[in-house]
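# Coordinates in review
Each chain is listed here by its residues.
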Amino acid sequence: MIDPREYGKALFLLAEERGSSKAVGEDLKTVKAVLEQNPDYLLLLDTPAVKSEEKCALIDKAFADIDRDVVNFLKILSEKHEVYNFPRCADTFGALLDESLGILRAQVVSAVPLSDSQKERLSKKLGFETGKTVLLSNTVDPSLLGGVQLRYAGVQIDGSLAGRLSALEKAIRESAI
């Protein structure tokens, strides 16, 4: 069994050394999407019933326009019967690429969709605090009632009305004991 983080890191270091990290990152996204949309193909590449040479030929044919390092990486995973770990390897690569480029991906969850100007202000404020370029995505969760939850780099800030009410309820319960 492989460690997808280590494999993703190894591919990233190789791509950095060759100066192709951005292109490899894009190709990894493409292959990841193809594998997620075609679970039967993923199963085929992972099965021991098909000879390695046949699987390598299938990979070469399907991904002829993809960076050779990505194709070879996929072949290695296929030979080890670890293709199902490709998405996690690609995610690790993407996180390392973002870090090297000074990019922070953040998710804001709100009760209603945020306007473009609200997202822009939040991105700028978070960028100022972190010193990074912030790429913000917005998810809607009506159960929050109001306010927002912000998630980035393992940090979660709950400024939602539902979160505040929950904290208030907890405080009241603790003080009544």
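Residues numbered from 1 in each chain as written. Predicted model: local features only at pLDDT ≥ 70, side-chain atom pairs only at ≥ 80, totals over all residues. Heavy atoms only, no water.

### Brief notes about the nonpolar core
Membership of the largest hydrophobic core comes to 25 residues, with the highest contact counts inside it found for Leu28, Val31, Leu35, Phe63, Leu74, Phe86 and Phe93. The set of elements that each furnish at least two residues to this core consists of α1 (4–18), α2 (21–37), α3 (39–46), α5 (68–79) and α6 (86–101). In this structure, valine 31 is in contact with Phe63, Ile66, Val70, Leu74 and Phe86, ignoring residues within four places of it in sequence. (Core = buried A, V, L, I, M, F, W, Y, C linked by side-chain atoms within 4.5 Å. Buried < 20%, exposed > 50% of the residue type's maximum accessible area, 1.4 Å probe, protein only. Helix = DSSP H or I, 4+ residues; strand = E, 2+ residues; numbered from the N terminus. Contact = heavy atoms within 4.5 Å.)

### Quick notes on the packing of aromatic side chains
The full count for this structure, using the stated rule, is 4 aromatic pairs. Between the aromatic rings of tyrosine 41 and phenylalanine 63, the centroid separation amounts to 6.3 Å while the plane-to-plane angle is 65°, which identifies the pairing as edge-to-face. In this pair, tyrosine 41 is assigned in helix α3 and phenylalanine 63 in the loop between α4 (52–62) and α5, connecting sequence segments 22 residues apart. For tyrosine 41, a relative accessible area of 18% corresponds to the buried category. Judged by relative accessible area, which is 5%, phenylalanine 63 ranks as buried. An aromatic cluster is built from Tyr7, Phe73 and Phe86, whose rings are joined through pairwise contacts. (Phe/Tyr/Trp six-rings, centres within 6.5 Å; stacked < 30°, edge-to-face > 60°.)

### Focus: α1
Here α1 contains 15 residues, and its C-alpha end-to-end distance of 21 Å stays within 8% of the 21 Å for a straight helix at 1.5 Å per residue. Listed in full, the buried residues belonging to α1 are Pro4, Gly8, Leu11, Phe12 and Ala15. Mapping the buried residues of α1 onto a view down its axis gives an arc of 105°, with all of them on the same face. Where the residues of α1 are buried, they touch α2, α5 and α6. A side-chain oxygen of the first residue of α1 lies 3.1 Å from the backbone nitrogen of arginine 5; this N-cap is aspartate 3. Looking at the residues trailing α1, positive phi occurs at glycine 19, about 75°. (Expected span 1.5 Å × (residues − 1). Arc of directions from axis to C-beta. Polar contact = N/O pair within 3.5 Å; in protein donor to acceptor, adjacent residues only side chain to side chain.)

As far as function goes, none of this settles anything; it's purely spatial.
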